[in-house]
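Examination of the molecular architecture
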Amino acid sequence: MTLPVSSTIVTTINSNTLLGKVLAPGKGTHIPAPSVTVNANIANQALLTGAPLLVVDVATGPSNIPVFVTSSSPRYTFVGSNINGSIIIIPTLVPISQLVTNPVAIAVGEVLNALIPVAVANPGSDLAYVESQLIGLSGDPLQTALLQIAPAPGLIGVAREGFNTVREFQRVWLEHLQRNRYTCCRTNCCPPCRELIARPCCSPCDTLCTGPRVWGGGFGTYGHQDSKDQLNGYRATTWGGMLAFELPIICYLRAGVGGGIAVTDLDESAFGNKTTLHDYQGTLYFTYDTNSWFVDGGFSFGWNRYDGTRQISFPSVNRTAGAKYDGQEYSGFAVAGYQYYSHCFELTPLASVLYTHLNINDYTETGANSLDLHINRQQYDFVESGLGAKVAYFVKWHCGLFIPEVHSLWLHDFIDDTLNVTASFTGLGAAGGSFVNTGPTIDRDTWNIGGSLTYLFNSTFSIQLVYDYERSSTHFDHQGMVELAIDF
């Protein structure tokens, strides 16, 4: 076989064993050109790297003529050699970090690259099919595909929104206890208050040693998380409610117990991933109020139920991975403040702390075949402080007492953890081992501003409406709450 000067050998590679080649056993080659060029076209198939591909197989020929290989493949480079007239090319996989920039895409891409030998060894498997569809992608299309395969987009807000739901429950308890303090006429309060309370006005013990109380509240929030740390943002809406019973323990001290449920719908912006969180909360709370300073606190346990879907869509692949899993939350909270009165005004500087430990159980997805993931158990801790003040004004209105109030708080998270997820593929993909997808960091500082309207119809029945707006560098929330209370 003679290769003329400036000639190119074109071969199409379907696999490591099926490719265009010249077989001339017992024959030889004559290569008058100073080099040989091979153009390797890959038919969207994953190849074993480092495995020689014999393009020309002859018995004799020159060995000192260099072989150059060109290829349109974004995923492979080739090294060519000429041994006794035979022409061999060896494929080398391009590192995924040279093709994409997102760290999550790099993490899952490295595992999929490591699984190529498994796919080649199982040519009829779904893993082999997925690898063949990915092998022709590069740049943004490849990065988008890998981000959909990774677990992080679907889980970016699950842990944080679970904590936000705990905060909403905590806020309802604390707003209720603040409303309790409004029900009693204060010594320096405006005269209309005295007309509303039948009992004498107003010793500390008389204020707090009233009868049992049943109350209920509901809340709703809308939150938006911007894209952060090269991960897509999301929207979250939460609706919840609770019912509680409390009674006096000793003078100055009241305690109560209650339960509630909240439902959060989380929609990831770019890929359409969705998670619904059902949070069932039980809380034991207390208040110690001396009519000037007070301490409120409580402990709660939450059982969470998660239902999630993860969308995976790239050329010739369109799947939905579904998952159902559980989690638990353990929380403690406390607020301390001091109330200053001047005529009908009340000023209350206060400080708070909230601690939550969140467990999310491990689970395995279904519905996406070889792209189903097993997600390891996750554990997170949140410690958030609050510092701020409230201003209220007491106004006699129709048959009751109307109390508008405004407040502002600075919230600070002391634990600067990222929301990492450790995952592995299932089935044949389990051979790739686990990989860590680094999630977003949490904004550590948040400002809260809001207000409430409380209407005390009489000494036994009241209603309260509360609105809050929270803003951090990448996240904002609108929060609303309504509470009804009955004393008996």
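My aim in this report is to walk through the structure given alongside it, one point at a time.

Criteria and thresholds
Residues numbered from 1 in each chain as written. Predicted model: local features only at pLDDT ≥ 70, side-chain atom pairs only at ≥ 80, totals over all residues. Heavy atoms only, no water. Buried < 20%, exposed > 50% of the residue type's maximum accessible area, 1.4 Å probe, protein only. Helix = DSSP H or I, 4+ residues; strand = E, 2+ residues; numbered from the N terminus. Contact = heavy atoms within 4.5 Å. Pairing = 2+ DSSP bridges. Axes fitted to C-alpha atoms, helices over the stretch in contact; angles between N-to-C directions. Salt bridge = Lys/Arg side-chain N within 4 Å of Asp/Glu carboxyl O. Polar contact = N/O pair within 3.5 Å; in protein donor to acceptor, adjacent residues only side chain to side chain. Patch = residues over 30% accessible without salt bridge, like charges linked within 9 Å, V, L, I, M, F, W, Y side chains within 5 Å. Areas by Shrake-Rupley, 256 points an atom, 1.4 Å probe, with all protein chains shown as cover. Parallel < 35°, antiparallel > 145°, perpendicular 65-115°, else oblique. Phe/Tyr/Trp six-rings, centres within 6.5 Å; stacked < 30°, edge-to-face > 60°.

This paragraph deals with helix 3 (residues 126-134). Taking burial as the measure, the 9 residues of helix 3 include 8 buried ones, the bulk of the element. Those residues of helix 3 that are buried are in contact with helix 1 (103-114), helix 2 (116-121), helix 4 (139-149), strand 12 (293-314) and strand 13 (317-338).

The subject of this paragraph is the sheet that holds strand 3 (residues 36-42). Pairing is parallel in the open sheet, where 3 strands are placed in the order 1-3-5. One side of each edge strand has no neighbouring strand; the edge strands of this open sheet are strand 1 (8-13) and strand 5 (67-71). Each strand of the sheet is rotated relative to its neighbour by a mean of 25°, with strand direction disregarded. As defined by bridge partners, strand 3 adjoins strand 5 across 5 bridges and the pair is classed as parallel. Bridge assignment links Ala 40 to a residue of strand 5, and that residue is Ser 71.

Further remarks concern the pattern of salt bridges. On inspection of all chains with the given rule, the structure shows 14 salt bridges. Among the ionic pairs, Arg 167 bridges to Glu 470, the shortest N-O distance being 2.8 Å. Residue Arg 167 is found in helix 6 (residues 158-183), and its partner Glu 470 is found in strand 24 (residues 461-471); the two are separated by 303 residues along the sequence. Here Arg 167 and Glu 470 have matching classes, each one buried.

Next up on the list: the side chain of Thr 264. Turning to its location among the elements, Thr 264 is positioned in strand 10 (residues 253-268). A polar contact is formed between the side chain of Thr 264 and the side chain of Thr 165, at a distance of 3.4 Å. At 2.8 Å, the side chain of Thr 264 forms a polar contact with the side chain of Thr 238. When neighbours within four sequence positions are excluded, Thr 264 is seen to be in contact with Glu 161, Thr 165, Ala 236, Thr 237, Thr 238, Thr 275, Thr 276 and Leu 277.

Nonpolar side chains collect at one region of the surface, where Trp 293, Tyr 338, Tyr 340, Phe 345, Leu 347, Val 391, Tyr 393 and Val 406 lie side by side and expose about 750 Å² of accessible area between them. Looking at the nonpolar patch, the elements with two or more residues in it are strand 15 (345-360) and strand 18 (378-393). Along the chain, the position of Tyr 338 falls in strand 13. On the accessibility criterion, Tyr 338 (35% relative accessible area) is partly exposed.

All right, on to the packing of helix 1 against helix 4 then. Where helix 1 meets helix 4, the axes come as close as 8 Å, and the angle between the chain directions of the two elements is 85°. Considering their axes alone, helix 1 and helix 4 lie roughly perpendicular with respect to each other. Residue-level inspection shows Val 104, Ala 105, Val 108, Gly 109 and Leu 112 of helix 1 in contact with helix 4, the latter providing Gln 143, Leu 146, Leu 147 and Ile 149.

Attention shifts here to the packing of aromatic side chains. A full pass over the atoms with the stated rule returns 15 aromatic pairs. With a centroid separation of 5.7 Å and 40° between ring planes, the pair formed by Tyr 288 and Trp 293 is classed as tilted. Ring centres of Tyr 338 and Tyr 340 lie 4.8 Å apart, and the angle between their planes is 55°; on these two criteria the pair is classed as tilted. Among the aromatic residues, those joined into a cluster by ring pairs are Trp 173, Trp 215 and Tyr 285.

With respect to topology, 4 strands assemble into an open sheet ordered 16-17-21-22, the strand pairing being antiparallel. With partners counted over all chains shown, the strands left at the sheet margins are strand 16 (363-364) and strand 22 (435-437), one partner each. Bridging between strand 16 and strand 17 (residues 373-375) involves 2 bridges; their strand directions are antiparallel. Looking at strand 17, one finds that Thr 364 is bridged to His 374. Along the sheet face, helix 1 touches strand 21 (421-425) and strand 22 and points at about 160° away from the line of strand 22.

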